[in-house]
Amino acid sequence: MACRQQITPALRRLARSGTSELSRKSARSCAQSIARAGASNGSRCFSSSQQRRLQQTTPRHGQAKDEFTSTKYPEIKRDDRFSRLTPDHVAYFRDLLGDNGSALIDGVNGAADDDLAPFNSDWMRKYRGHCQLVLKPSTTEEFSKILRYCNEHMLAVVPQGGNTGLVGGSVPVFDEIVLSMSRMSRILDFDEVSGTLVAEAGVILEVADQFLASKGYIFPLDLGAKGSCQLGGNLATNAGGLRLLRYGSLHGTVLGIEAVLPDGTVVDDLSRLRKNNTGYDLKQLFIGAEGTLGVITKVSIQCPQRPAAQNVAFFGLESYEQCQKAFREAKGQLSEILSAFELMDEGSQALVHRVTGNKRPLESTYPFYCLIETSGSNVDHDSEKLQNFLESVMEQGVVADGTLAQDETQLRSLWSWREGITEALGHLGGVYKYDVSIPLPQMYQLVEDTRARVAEAGLLGDSESDPVRAVVGYGHMGDSNLHLNVATRAFDERVEKVLEPFVYEWIAERQGSISAEHGLGLAKKKFIGYSRSPIMVGLMKQIKGLYDPKGIMNPYKYI
Ligand code: FAD
Ligand code: MLT
Ligand code: ZN
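Sequence order sets the numbering: in each chain, residues are counted from 1 along the sequence as written. Key to labels: chains lettered from A, ligands numbered from 1, both in the order written. For this predicted model, a pLDDT threshold of at least 70 governs which residues receive local features, and a threshold of 80 or more governs which side-chain atom pairs are given and counted, while totals over whole chains, interfaces and linings are taken from all residues. With hydrogens and water stripped out, all remaining heavy atoms of the structure feed into the side-chain values.

A. Local environment of the packing of aromatic side chains. Put simply, two rings from Phe, Tyr or Trp (the six-membered ring, in Trp's case) pair if the centres are within 6.5 Å, and we call them stacked under 30 degrees between planes, edge-to-face over 60, tilted for the rest. Here the structure, examined in full by the defined rule, presents 21 aromatic pairs. Centre to centre, the rings of Tyr 432 and Phe 491 are 5.5 Å apart; their planes meet at 85°, and the pair counts as edge-to-face. Of this pair, Tyr 432 sits in strand E14 (residues 431-437) while Phe 491 is found in the loop between strand E16 (481-488) and helix H19 (493-499), placing the two residues 59 residues apart along the sequence. Comparing Tyr 432 with Phe 491 shows no difference in burial state: the two are buried. Counting from the N terminus, the helices are DSSP H or I runs at least four residues long and the strands are E runs at least two residues long. Burial classes: relative accessible area under 20% of the type maximum marks a residue as buried, over 50% as exposed, and values in between as partly exposed (1.4 Å probe, protein chains only).

B. Layout of the site of ligand 1. Inspection of the region around ligand 1 gives 35 residues, with Pro 159, Gly 161, Gly 162, Thr 164 and Gly 165 positioned closest. N or O atoms closer than or at 3.5 Å make up a polar contact, with two conditions inside protein: a donor-capable atom paired with an acceptor-capable one, and, for residues adjacent in sequence, both atoms drawn from side chains. In the model, an oxygen atom of ligand 1 is placed 3.0 Å from a nitrogen or oxygen of the Asn 234 side chain. Between an oxygen atom of ligand 1 and a main-chain N or O atom of Gly 240, the distance comes to 2.9 Å. All accessible-area figures derive from a Shrake-Rupley calculation using a 1.4 Å probe, and residue coverage is judged against the displayed protein chains alone. Its free accessible area being 970 Å², ligand 1 has 98% of it covered by the protein chains. In the cavity and pocket records, a cavity denotes points on a 1 Å grid over the protein atoms alone where a 1.4 Å probe fits but cannot get out, a pocket denotes an open set with protein on both sides within 12 Å along at least 5 of 7 lines, and lining residues are residues with an atom within 4 Å of a point. Assignment to a cavity or pocket requires that more than half of a molecule's atoms be within 2 Å of the site's grid points. Here ligand 1 occupies the largest cavity. Breaking the shell around ligand 1 down by element, the ones donating at least two residues are strand E3 (157-160), helix H9 (231-237) and strand E9 (295-302). For the shell around ligand 1, the element with the highest residue contribution is H9, accounting for five residues. All residues other than Ala, Val, Leu, Ile, Met, Phe, Trp, Tyr, Cys, Pro, Asp, Glu, Lys and Arg, Gly among them, are scored as polar; the first ten of these are nonpolar and the last four charged. Along the lines of polarity and charge, the residues of the shell around ligand 1 split into 12 nonpolar, 21 polar and two charged. Only a single heavy atom is needed: when it lies within 4 Å of a molecule or strand, its residue is near that molecule or strand.

C. Quick peek at helix H8 (residues 205-214). Turning to H8, its buried residues number three or more, namely Leu 205, Glu 206, Ala 208, Asp 209 and Leu 212. One side of H8 carries all its buried residues, which in axial view fall inside an arc of 155°. Within two residues after H8, Gly 216 carries a phi angle of roughly 85°, on the positive side. Note that the arc is computed from the directions linking the helix axis to the C-beta atoms.

D. Expanded view of the site of ligand 2. All residues adjacent to ligand 2 are Leu 166, Arg 418, Thr 422, Lys 433, Tyr 474, His 476, His 483, Glu 517 and His 518. Thr 422 is positioned with one of its side-chain polar atoms (N or O) 2.8 Å from an oxygen atom of ligand 2. The contact in question runs from an oxygen atom of ligand 2 to an N or O atom on the side chain of His 518, over 2.7 Å. Taken by itself ligand 2 offers 260 Å² of open surface, and the protein chains cover 86% of this. Here ligand 2 occupies the largest cavity.

Have a look at this one:
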């Protein structure tokens, strides 16, 4: 950590003196070596295996025993129009997919609870369905035949990708059939000149990114669950992630999709064109539809060139006001090389520390931390910009302390303090998650107001009898996207009542969005009216009725 040893005391000195005594030479040579180390090691490839290991080996404690969604929310009633599965239905699917254990999990003709369990429970262990049948088609034609049959026989279905969704959209509520995308996992084509990738929807995000890395390209979306989530799931949720600031939304980067409608119709809009103004852009409807209109089976996406140089800096700041100043400076000074600007509060970092036991990046604690990533094509150019930025925020006293990654290990380690928050929270108990867009000046106030409200209700504390452990905030500051998380010892109705509709009313008063990037699923369905007008919700319902007149696609959710 030679670099950190140089920079951290220097930053601290500056913070104390308020002068520009930083040894420009040491900062400059340090930043240069950092940038070079980053470049020579290629770019970040964080997450997958580490994240997956954690998920598989460490139990989460959301509830003493995972409760069924139907028990927890008795007001949601099974739609009697849907048929109940029979052995005859299963026989049809078995005939279609082959008598192949890997294509079908059958709990209708015999007990298969253990095999079905992972498909019934969501990542947060908050929602649990009663699904008795999982189908894993491996071609578009199989999807088409399955959906046509389900539509004719009034069998409800839930498309499921990596099952990392955070709003309860990916698991059944009652006995819906799970349509797993796991066998649609082929990369179909890549154009090395344009950077256009065509792949099946079940390709895991990290697999796609590693493939692209071998060609000198990068997937324009990155998120902590990349080792498990799939491209189809990413599109279906319109996932935003860590670099939206740089590469934009999937609404801009996706060039085409192939989708299967509930009646079996295959919509082939797998365009590879960047420009195509011929009529309504129908693919956009499937991006963010969370499996309510049809199943996305293939994806065509525009991928940027992989950056040759990447740098990551991690700062401690004394106030949210200073975070805003740092962001403003970063945009102004780093401009085109800025690829991420992430915010974490001390509460979130203390939780990561508590769960992982890892040494914290900075020697002292601060109320706020920012992680800044740069990605560029010219090492010297990027280094110079970053040096100037660092000197400037230090001189102005915007940043209280900081450290820079000087090799890929440190770069990953710094990212893990941001990306590891979700996992850390999940290990502590039940988490009430709010993923919101709010104008930046007011953004963190939501965390403070919520914390005060929970404390006033007598629910927050360190003792085992206090339901709430912590109210924390973190998120994609570059996108005005805050993740307000209320970490409880176990999901608790008293807590939920204090939080909802309070949080949604707070957001609506400031013209924010109750779902910035995770979607609506089951969790937010009934709150859509806080962010969308009755006219818009009415139009959405008409669209749903047009695409899925019988309502078999992912029922009970979204709108
Ligand atoms: P699933 O969870 O399986 O499904 C999600 C929804 O999409 C469901 O409604 C499902 O029915 C539907 N669906 C899935 N596949 C298809 C398909 N092929 N066709 C039609 N519908 C389909 N989200 C962000 O936006 N930004 C983040 O930074 C972020 N970080 C995360 C970090 C962690 C640790 C975790 C656990 C989640 C994170 N998420 C984030 C949540 C995010 O929604 C998912 O990670 C991802 O986009 C969902 O993909 P999936 O394949 O797991 O989909
Ligand atoms: C993130 O930004 O870490 C994800 O959206 C997941 C979360 O909100 O916890
Ligand atoms: Zn996020």
